[in-house]
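The chain contents come next:
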Amino acid sequence: MWKFIGSLFKAVNVSAIVFYLSACLIPFLPAGKYWMFSVAGLLFPLAVIILLCFLIAWLIVKNLKWSLVCFIVLITGWQQISVMAGFNVKKIFNYAKKP
């Protein structure tokens, strides 16, 4: 029974990874031709949360191979995550005008 649950958990994880990576392709594909990926982009924040939950779950179970896979996949889509969450480096604003 535990083997079945582990296999099911891995299959759901792989499908979440495939969905996340397909949503990461949005900036590189034309939206008119590949509309499926654009629709997947609407659920991108949910895909990030699901992948983070899988990462935490694999770390709790102490399966480092699958946690590393989740971490690498999240790092692969870091550009889209930073756009989604708006991580901006704080810059010092200069009130004086340049001559």
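Heads up: the structure comes first, above all this text.
As a starting point, this report considers the structure included with it. (Residues numbered from 1 in each chain as written. Predicted model: local features only at pLDDT ≥ 70, side-chain atom pairs only at ≥ 80, totals over all residues. Heavy atoms only, no water.)

Section: the overall build of the chain
The helix and strand tally for the chain stands at five helices and zero strands. When the elements of the chain are put in sequence order from the N terminus, they spell out α-α-α-α-α. A compact globule built from 99 residues should have a C-alpha radius of gyration of about 13 Å, whereas the chain, at 18 Å, is more than 25% larger. Expressed as a percentage of the 99 residues in the chain, the buried residues total 24%. Accessible area for the chain stands at about 7800 Å²; split by element, carbon and sulfur atoms hold 75% of it. (Helix = DSSP H or I, 4+ residues; strand = E, 2+ residues; numbered from the N terminus. Rg over C-alpha atoms; globule rule 2.2 N^0.38 Å. Buried < 20%, exposed > 50% of the residue type's maximum accessible area, 1.4 Å probe, protein only. Areas by Shrake-Rupley, 256 points an atom, 1.4 Å probe, with all protein chains shown as cover.)

Things to note about the packing of helix α1 (residues 2–24) against helix α4 (residues 64–76)
Between α1 and α4, the shortest axis-to-axis distance is 10 Å and the interhelical angle comes to 10°. Classified by the angle their axes make, α1 and α4 are roughly parallel. On α4, the residues touching K10, N13, V14, I17, Y20 and L21 of α1 are W66, V69, C70, V73, L74 and T76. Looking at the contact of α1 with α4, its residues break down into nine nonpolar, two polar and one charged. (Axes fitted to C-alpha atoms, helices over the stretch in contact; angles between N-to-C directions. Parallel < 35°, antiparallel > 145°, perpendicular 65-115°, else oblique. Contact = heavy atoms within 4.5 Å. Nonpolar A, V, L, I, M, F, W, Y, C, P; charged D, E, K, R; others polar.)

Comments concerning the packing of aromatic side chains
Here the structure, examined in full by the defined rule, presents four aromatic pairs. Look at F9 and W58: their rings are 4.9 Å apart centre to centre, the planes differ by 70°, and that puts the pair in the edge-to-face class. Linking F9 in helix α1 with W58 in helix α3 (residues 44–61), this pair joins segments that are 49 residues apart in sequence. F9 gets classed as partly exposed once you look at its relative accessible area, which sits at 31%. On the basis of relative accessible area, W58 is assigned to the buried category, the value being 4%. Taken together through their ring pairs, the aromatic side chains of F9, F54, W58 and W66 make up a single cluster. (Phe/Tyr/Trp six-rings, centres within 6.5 Å; stacked < 30°, edge-to-face > 60°.)

Describing unusual backbone geometry
A positive phi angle is found at K62, which is not glycine, with a value near 65°. Relative to the helices and strands, K62 resides in the loop between α3 and α4. According to the relative accessible area criterion, K62 is exposed, its value standing at 70%.

Brief notes about the state of the cysteines
Note: disulfide means a covalent bond formed between the sulfur atoms of two cysteine side chains. Counting across every chain of the model gives zero disulfides. This cysteine, C24, is not joined by any disulfide, and C70 carries the nearest cysteine sulfur, 13 Å off. Among the residues examined, C24 registers a relative accessible area of 8% and is labelled buried. Here C70 is not cross-linked by a disulfide; its sulfur's nearest cysteine counterpart is in C53, at 11 Å. (Disulfide = S-S within 2.5 Å.)

Here we look at α4
Every α-helical turn comprises 3.6 residues, leaving residues that sit three or four positions apart pointing alike. The first and last C-alpha atoms of α4 sit 18 Å apart over 13 residues, in line with the 18 Å expected at 1.5 Å per residue. Buried residues of α4: W66, S67, C70, V73 and L74, and no others. All buried residues of α4 fall inside an arc of 125° around its axis, so they share one side. In α4, the exposed residues that point more than 90 degrees away from the buried face are L64, K65 and T76. Structurally, α4 contributes buried residues whose contacts are with α1, α3 and α5 (78–85). (Expected span 1.5 Å × (residues − 1). Arc of directions from axis to C-beta.)

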